[in-house]
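One letter stands for each residue in the lines below.
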Amino acid sequence: MTNGVEKRRAAIINVLYVAMILGLLYVFFKYCFFVATPFLLSFFFAVILQKPLRWLDKKTKKKAHTFWSLLLVLLSIIVIFGPMITLVALAVKQIANFASYLVGQLNDMPAFLATLEKEVLGAIDFLPDSLYSSASLQIKDFFANAISNLNLKSMGIDARTLTNGVSTSITSLYNVAKNIPSYLIALIIGVIAWIFFTKDYDRVVGFIRLQLPENKKNLLSEIKQIFSKTVLKMFRAYGLIMLITFCELMIGFSIMKAIGILDNNYLPMIAAAIAIFDIMPVAGSGGILVPWSLINLILGNFGLALGLMLVYIAITVIRQYIEPKIVGSSLGVHPLVTLAGLYFGLKLFGFMGMFIVPITVMTVKAFNDAGRIHLYKSPQRN
């Protein structure tokens, strides 16, 4: 009897312990994560710089430790932010041009609807005359109304709506501009913290280690090893998969453009967008390439439709082959768990939660597998 009570008590304590940990994680990511981001990122970058810094210290016998720390941080800022600023400027220009291109494409919507009407009528041609007559009349009325209503008023856009939209846009721009000083302050503080973390890394880590119990002294080293084996490996792996997908798309698009079935000046941006979309669970490149192919099939662009489907098939087959080899089985997180992490992350923390929660889940799994925590029992693998 006593053993049963003790087991129930231990189970209740474990549940309360897990609930407390989850509650603390929620509070941290909900209210503290973005505030602490400059320091978290600066410490992360300081960890990366330790290897070259130790090499330089060894060569100079630590006589210029502060100088090397400052120089490495400044060089890293140039390497990181220089290309980033250039890419953002080019992306903004391309997006603006692409938006104009999309508006031009939308102007062809009446022609698209007329072609779609013709295809639908042809698809029901097998019906008896009485049914065909009734159905075709309804279909023609539907498409006639759709084509005639392609104007601003039918879409609920009037002068008042446009005024409100402009006002909302100006307000949004004002809010962004108003927050720029706080972003700059966070950036400056992050860079200064980066310098101090890089220079005094051993002192910071040593102080944290002193606060830990004796049996947890190696916890920081284990965290570093687990983080490098899970999160960093995930970023490297999926970054490589995105690059391969982008290259596949560009090769396919270039071939279609060379033979004259694809005429578009925004192929690199489209390929980049599809490569990013392809990395998301469930969605994949088919979420863009398949509808794009079907639309061209309806419009009668059979060559382009076939080309897009062949590109999609090639991407799918190649990814099924390379993903297990690149990512490997060491991460061990089932796609269903990743999908749940994306959903709950979006609901709990917004857009950034789609990245925060899956990474947290992977880290927790790594600690559980390493025996540092015991949240669940892992299945034995042969």
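Caption draft 1: Structural detail: the overall build of the chain. In terms of regular secondary structure, the chain is built from 13 helices and 0 strands. Counted from the first residue to the last, the chain has its helices and strands arranged as α-α-α-α-α-α-α-α-α-α-α-α-α. Out of the 382 residues belonging to the chain, those deemed buried represent 24%. Considering only residue pairs separated by 6 or more positions, the chain has 63% of its internal contacts joining residues 24 or more positions apart.

Caption draft 2: The arrangement of the packing of aromatic side chains in detail. Enumeration over the complete set of coordinates arrives at 6 aromatic pairs. With a centroid separation of 5.3 Å and an interplanar angle of 80°, the aromatic rings of F43 and F197 are classed as edge-to-face. Of this pair, F43 sits in helix α1 (residues 2-60) while F197 is found in helix α5 (residues 159-199), placing the two residues 154 residues apart along the sequence. By relative accessible area, which is 19% here, F197 ends up buried. Relative to Y201, the ring of F43 lies with its centre 5.9 Å away and its plane at 25°, an arrangement referred to as stacked. Within this pair, whereas F43 is found in helix α1, its partner Y201 is found in helix α6 (residues 201-210), the two being separated by 158 residues in sequence. You can call F43 partly exposed: its relative accessible area is 27%. Here Y201 falls in the buried class, since its relative accessible area comes to 11%. Among the aromatic residues, those joined into a ring-pair cluster are F43, F197 and Y201.

Caption draft 3: Highlighting the environment of I356. Mapped onto the elements of the fold, I356 is located in helix α13 (residues 353-370). The class of I356 is buried, set by a relative accessible area of 8%. With sequence-adjacent residues up to four places away left out, I356 is seen in contact with F29 and F33.

Caption draft 4: Layout of the pattern of salt bridges. In the structure shown here, the tally under the stated rule is 2 salt bridges. For D200, the salt bridge goes to K199, with nearest N and O atoms at 3.1 Å.

Caption draft 5: Inspection of helix α10 (residues 286-298) at higher detail. With 13 residues, α10 extends 17 Å between its outermost C-alpha atoms, agreeing within 8% with the 18 Å of an ideal straight helix rising 1.5 Å per residue. What α10 keeps buried is the set G286, L289, W292, S293 and N296. Angularly, the buried residues of α10 cover 150° about the axis, an arc narrow enough to put them on a single face. One or two positions beyond α10, positive phi appears at G300, with a value near 90°.

Caption draft 6: Structural detail: the environment of F246. You can see F246 is positioned in helix α8 (residues 231-258). Along the primary structure F246 and I274 are separated by 28 residues, whereas in three dimensions their C-alpha atoms are 7.7 Å apart. When sequence neighbours within four positions are dropped, the list of residues in contact with F246 reads P268, A271, A272 and A275.

Caption draft 7: Representation of the confidence of the model for the chain. Confidence in the prediction for the chain averages 75 pLDDT; 71% of positions are at 70 or higher. The lowest-confidence element of the chain is helix α7 (residues 219-229), averaging 68 in pLDDT; the highest-confidence one is α8, averaging 84. Within the model, the stretch residues 152-159 combines pLDDT values under 50 with 4 contacts to residues more than four positions away or in other chains.

So, how was this worked out
Residues numbered from 1 in each chain as written. Predicted model: local features only at pLDDT ≥ 70, side-chain atom pairs only at ≥ 80, totals over all residues. Heavy atoms only, no water. Helix = DSSP H or I, 4+ residues; strand = E, 2+ residues; numbered from the N terminus. Buried < 20%, exposed > 50% of the residue type's maximum accessible area, 1.4 Å probe, protein only. Contact = heavy atoms within 4.5 Å. Phe/Tyr/Trp six-rings, centres within 6.5 Å; stacked < 30°, edge-to-face > 60°. Salt bridge = Lys/Arg side-chain N within 4 Å of Asp/Glu carboxyl O. Expected span 1.5 Å × (residues − 1). Arc of directions from axis to C-beta. pLDDT = per-residue confidence, 0-100.

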